[in-house]
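Single-letter residue listing:
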Amino acid sequence: MTPYLLDLCYLVAAILFVIGLKALSSPESARRGMFYAEIGMLFAIVGTLLRHEIVQYEWIIIGITVGSIIGALMAIYMPMTAMPQRIAISHSFGALAATLVGIAEYHTLNGQIETGLMAALGFEVLFGSLTITGSMMAFGKLQELVKGAPVTYRFQNISNIALFAATFAMFVYLIFNPASSIVFYVMIACGLAIGVLMVLPIGGADMPVVVSLLNSYAGLAASATGFAIQNKVLIICGALDGTSGFFLSILMSRAMNRSFANVIFGAVGAVKHDVNAAGAEEKTVIRYTPDDVAYILERAQSVIIIPGYGLAVARAQHALHEIAGILIEQGVSVRYAIHPVAGRMPGHMNVLLAEANVPYDLLFEMDQINDDFQNTDVALIVGANDVVNPAARTKKDSPLYGMPILNADQARTVIICKRSLGAGFAGEDNELFYDKKTMMVFGDAKSTLTSLVQLMKKEESDVKSAA
Ligand code: NAP
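Here the residue numbering is sequential within each chain, running from 1 through the sequence in written order. Per-residue local features are limited, in this predicted model, to residues with pLDDT of at least 70; the limit for side-chain atom pairs, both in listing and counting, is 80 or more; totals at the level of whole chains, interfaces and linings are taken over all residues. Working from all heavy atoms in the structure, the side-chain values ignore hydrogens and water.

Regarding helix α7 (residues 181-199)
Phase 1: Secondary structure elements are taken from DSSP: a helix is a run of H or I of four residues or more, a strand is a run of E of two residues or more, and numbering for both begins at the N terminus. A helix is expected to span 1.5 Å multiplied by its residue count minus one. End to end, α7 covers 28 Å across 19 residues, agreeing with the expected 27 Å (1.5 Å per residue, within 8%).
Phase 2: Taken together, the buried positions of α7 are Val183, Phe184, Met187, Ile188, Cys190, Gly191, Ile194, Gly195, Met198 and Val199. Taken down its axis, α7 places every buried residue within 165° of arc, on the same side.
Phase 3: Any two residues whose heavy atoms approach within 4.5 Å are treated as being in contact. Buried-residue contacts for α7 involve α4 (83-109), α5 (115-142), α6 (156-176) and α8 (207-228). Here the term buried applies to any residue with accessible area under 20% of the maximum for its type, exposed to any over 50%, and partly exposed to those in between, with areas from a 1.4 Å probe on protein chains only. In this context, the arc is that of the directions from the helix axis out to the C-beta atoms.

A short note on the sheet that holds strand β3 (residues 363-365)
Phase 1: Ordered by their spatial adjacency, six strands build an open sheet running β3-β2-β1-β4-β5-β6, and the pairing between neighbours is parallel. Each edge of the open sheet is held by one strand with a lone partner, namely β3 and β6 (438-442). Between one strand axis and the next, the sheet turns by 25° as a mean value, whatever way the strands run.
Phase 2: Judged from the five bridges that link them, strand β1 (residues 302-307) and strand β4 (residues 378-382) form a sheet pairing that is parallel. Looking across to β4, one finds that Ile306 is bridged to Ile381.
Phase 3: Angles shown run from 0 to 180 degrees and are taken between the N-to-C directions of axes, each axis being a line fitted to C-alpha atoms and, for helices, limited to the stretch in contact. Each of β1, β2 (333-338) and β3 touches helix α14 (residues 348-355); the most contacted strand, β2, lies at about 140° to it. Here the rule is simple: two strands pair whenever DSSP picks up at least two bridges between them.

Concerning the pairing of β2
Phase 1: Counted residue by residue, β2 has five buried out of six residues, so it is predominantly covered.
Phase 2: Where β1 lies against β2, four bridges are found, and the strand directions are parallel. Bridge pairing links Ile304 to Arg335 in β2.
Phase 3: Pairing analysis gives three bridges linking β2 to β3, with the strands arranged parallel. Following the sheet pairing, Ile338 is matched in β3 by Glu365.
Phase 4: Handedness of a crossover is defined as follows: with both strands directed away from the viewer, a clockwise route from the first strand across the helix to the second makes it right-handed. Regarding the hand of the β-α-β motif, the stretch spanning β2, α14 and β3 is right-handed.

A closer look at the site of the ligand
Phase 1: Residues are labelled near a given molecule or strand when at least one of their non-hydrogen atoms is within 4 Å of it. In the vicinity of the ligand lie 30 residues, with Asn385, Asp386, Arg419, Ser420 and Asp444 positioned nearest.
Phase 2: In the environment of the ligand, an oxygen atom lies 2.6 Å from a nitrogen or oxygen atom belonging to the side chain of Ser420.
Phase 3: Counted as a polar contact is a pair of N or O atoms within 3.5 Å, where, for protein atoms, one must be capable of donating a hydrogen and the other of accepting one, and residues adjacent in sequence contribute only when both atoms are in side chains. Measuring from a nitrogen atom of the ligand, one finds a side-chain N or O atom of Asp444 at 2.8 Å.
Phase 4: Contact with the protein chains removes 95% of the 920 Å² of surface that the ligand exposes when unbound.
Phase 5: Of the residues forming the shell around the ligand, the biggest block, four residues, is contributed by helix α12 (residues 309-314).
Phase 6: In this classification, the charged set is Asp, Glu, Lys and Arg, the nonpolar set is Ala, Val, Leu, Ile, Met, Phe, Trp, Tyr, Cys and Pro, and all remaining amino acids, among them Gly, are polar. Split into classes, the residues belonging to the shell around the ligand amount to 16 nonpolar, nine polar and five charged. Accessible surface area values rest on a Shrake-Rupley calculation with a 1.4 Å probe, where residue burial reflects the displayed protein chains alone.

A short note on the pattern of salt bridges
Phase 1: Salt bridges are defined as contacts in which a side-chain nitrogen from Lys or Arg sits within 4 Å of a carboxyl oxygen from Asp or Glu. Taken as a whole, this structure holds nine salt bridges when the rule is applied.
Phase 2: Linking Lys232 and Asp7 is a salt bridge whose minimum nitrogen-to-oxygen distance equals 3.3 Å. With Lys232 in helix α9 (residues 232-255) and Asp7 in helix α1 (residues 2-23), this pair connects stretches of sequence that are 225 residues apart.
Phase 3: Taking the relative accessible area as the measure of exposure, Asp7 reaches 37% and is therefore partly exposed.
Phase 4: The closest approach of N and O atoms between Glu53 and Arg51, which form a salt bridge, is 3.3 Å.

Description of the nonpolar core
Phase 1: In plain words, nonpolar cores are sets of buried Ala, Val, Leu, Ile, Met, Phe, Trp, Tyr and Cys residues tied together by side-chain atoms within 4.5 Å. Of all hydrophobic cores here, the largest spans 116 residues; its most connected members are Leu297, Ile306, Tyr336, Phe373 and Leu449.
Phase 2: Of all the elements, α5 adds the most residues to this core, at twelve residues.
Phase 3: If we skip the residues at most four places from it in the chain, Tyr336 touches Ile305, Leu320, His321, Ala324, Leu353, Val358, Leu362, Leu363, Phe364 and Ile369.

Quick word on the packing of aromatic side chains
Phase 1: Each pair of aromatic rings taken from Phe, Tyr and Trp, with Trp reduced to its six-membered ring, is defined by centres within 6.5 Å and is described as stacked if the planes are under 30 degrees apart, edge-to-face if over 60, and tilted in the remaining cases. The tally for this structure, following the rule as stated, stands at nine aromatic pairs.
Phase 2: With 5.2 Å between their ring centres and 85° between their planes, Phe184 and Tyr185 make a pair best called edge-to-face.
Phase 3: Looking at Phe184, the relative accessible area reads 0%, which means it is buried.
Phase 4: Aromatic rings pair up to connect Tyr106, Phe184 and Tyr185 into one cluster.
Phase 5: Whether a charge sits over a ring comes down to the Lys NZ or Arg CZ being within 6 Å of the ring centre and within 35 degrees of the ring normal. Note that Arg299 overlies the ring of Tyr295, its terminal NZ or CZ placed 3.9 Å from the centroid.
Phase 6: Directly above the aromatic system of Tyr309 lies the positively charged group of Arg344, at a separation of 3.7 Å from the ring centroid.

Considerations on the packing of α5 against α8
Phase 1: In the contact formed by α5 and α8, the axes pass within 8 Å of each other and the chain directions differ by 155°. Put simply, α5 runs roughly antiparallel to α8. Judged by the twist between their axes, the crossing of α5 over α8 is left-handed.
Phase 2: In terms of residue class, the contact of α5 with α8 is built from 18 nonpolar, five polar and two charged. Under this scheme an angle from 65 to 115 degrees is roughly perpendicular, one under 35 degrees roughly parallel, and one over 145 degrees roughly antiparallel; angles in between are oblique. Handedness of each helix crossing follows the sense of rotation of the near helix against the far helix: counterclockwise by less than a right angle gives left-handed, clockwise gives right-handed.

Notes on the confidence of the model for the protein chain
Phase 1: pLDDT expresses how confident the predictor is about each individual residue, on a scale running from 0 to 100. Averaged over all residues, the pLDDT of the protein chain is 89; the fraction at 70 or higher stands at 95%.
Phase 2: Contacts for the low-pLDDT stretch residues 270-275, under 50 throughout, to residues beyond four places or in other chains number 15 contacts.

So, a nonpolar patch on the surface
Phase 1: Each patch is built from residues lacking any salt bridge and having more than 30% relative accessible area; the joining distance is 9 Å for like charges and 5 Å for nonpolar side chains (Val, Leu, Ile, Met, Phe, Trp, Tyr). A surface patch of nonpolar side chains, amounting to about 430 Å² of accessible area, comprises Leu5, Leu8, Leu11, Ile15 and Ile19.
Phase 2: Here Leu8 is to be found in helix α1.

Description of the environment of Glu298
Phase 1: Position of Glu298 relative to the elements: it lies in helix α11 (residues 290-298).
Phase 2: Residue classification places Glu298 among the buried positions, given a relative accessible area of 17%.
Phase 3: Sequence separation between Glu298 and Ala467 is 169 residues; the distance between their C-alpha atoms is 17 Å.
Phase 4: With sequence-adjacent residues up to four places away left out, Glu298 is seen in contact with Gln330, Met456 and Glu459.

Printed below as a string of structure tokens:
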């Protein structure tokens, strides 16, 4: 009975993972997708606990309890803006688990390992070990515990490729000589070193692409673990993780108009553009107040809102939604333009706006809305910078050059809410701040938008009482 039940649990888990992943491809169904995946994971865990190899449950219960507490605390207390580093550290743990399982299995089999199994074990520990340290480095860079800028030195790519080739040679050697435990452990040490060296030359802005690539490696390591310990759900789940992570990395690179190889080997972001350098200070901007913005918004017929990373930092999505609601009530056409790389992780703005219950039909992807800016009264930019920076179209030496941007500059009036003239993630000055039709409103997005809500509500009640 139990083996059938186990297979049934794994089958249900695998189906739920596939359906969940499919549902994650749209903001509308993403929550449902997460729910399916969670239930799938529950089935996978219950199925695994039914395995007859398990003779004692004490340590498993302790592990599940400790892991659940840590996971819950991370989910509750880690801010949304720290999500990329949270994901990076989770991959590191996942890869550590896969590597430890691989080492334990190698140890148990004591060198008596057939070729196919050794290939799976070797792959598992090699990709597992480089993902452990690579993800930790990504975490350190994103959390600013280590220098975020790319660290480069002479012959870096060549020496990295040579180290990888030597490590891969050890992997092949082990397949035919599985009893060479020294080679096995040296290969793991080299894998750990590759993880560090691979992430060193990659800049902070490109880190989410790397995190997603490491996600893919962790998935491949998990899949190999599945082959090594004959666990079907791990094979399926790891393969899904591996391929989806890989595709996501490619899609993110494409959205930044960069080749995948350029992200991994390009060391982009080594030189930060100094926005306070001569030239920038000669330009002038006019400082507007929330009163001025309320005046303009209430007289507009169409508004496109552009959210960016600063909206997430300020946690101003609820106030923004309130403003949109007031405007819609007044008959203004309000839409949100979502740039594919706005924020710091894929879908960041979708998740943020969903948190404030912004209806999905108000959200438009860049390609759907970009031609409409020219017929729009106001582009309201909240905490976004790089995704509307015209340097991406014109400035060939800019790190942004070539990235498709939202055509906010084509709207009749541009309102920008941010704290200063400071640059965005790419470190590039933004000409749009100095444009004659731009109204800069300085301050934390939440306090600016909250004042705006109060002003608009007051105006509304004044109009009602006058009528
Ligand atoms: P951004 O260019 O990083 O600009 C965000 C702006 O928000 C900053 O200029 C900052 O200006 C402002 N800000 C910060 N805190 C604020 C607060 N409390 N209140 C108001 N404003 C605040 O953001 P973006 O336009 O969303 O562009 C995203 C960037 O990240 C792109 O370069 C993209 O390539 C990169 N990236 C994204 C992903 C992804 O998956 N989404 C992945 C990799 C890289 P002040 O300091 O003046 O306030």
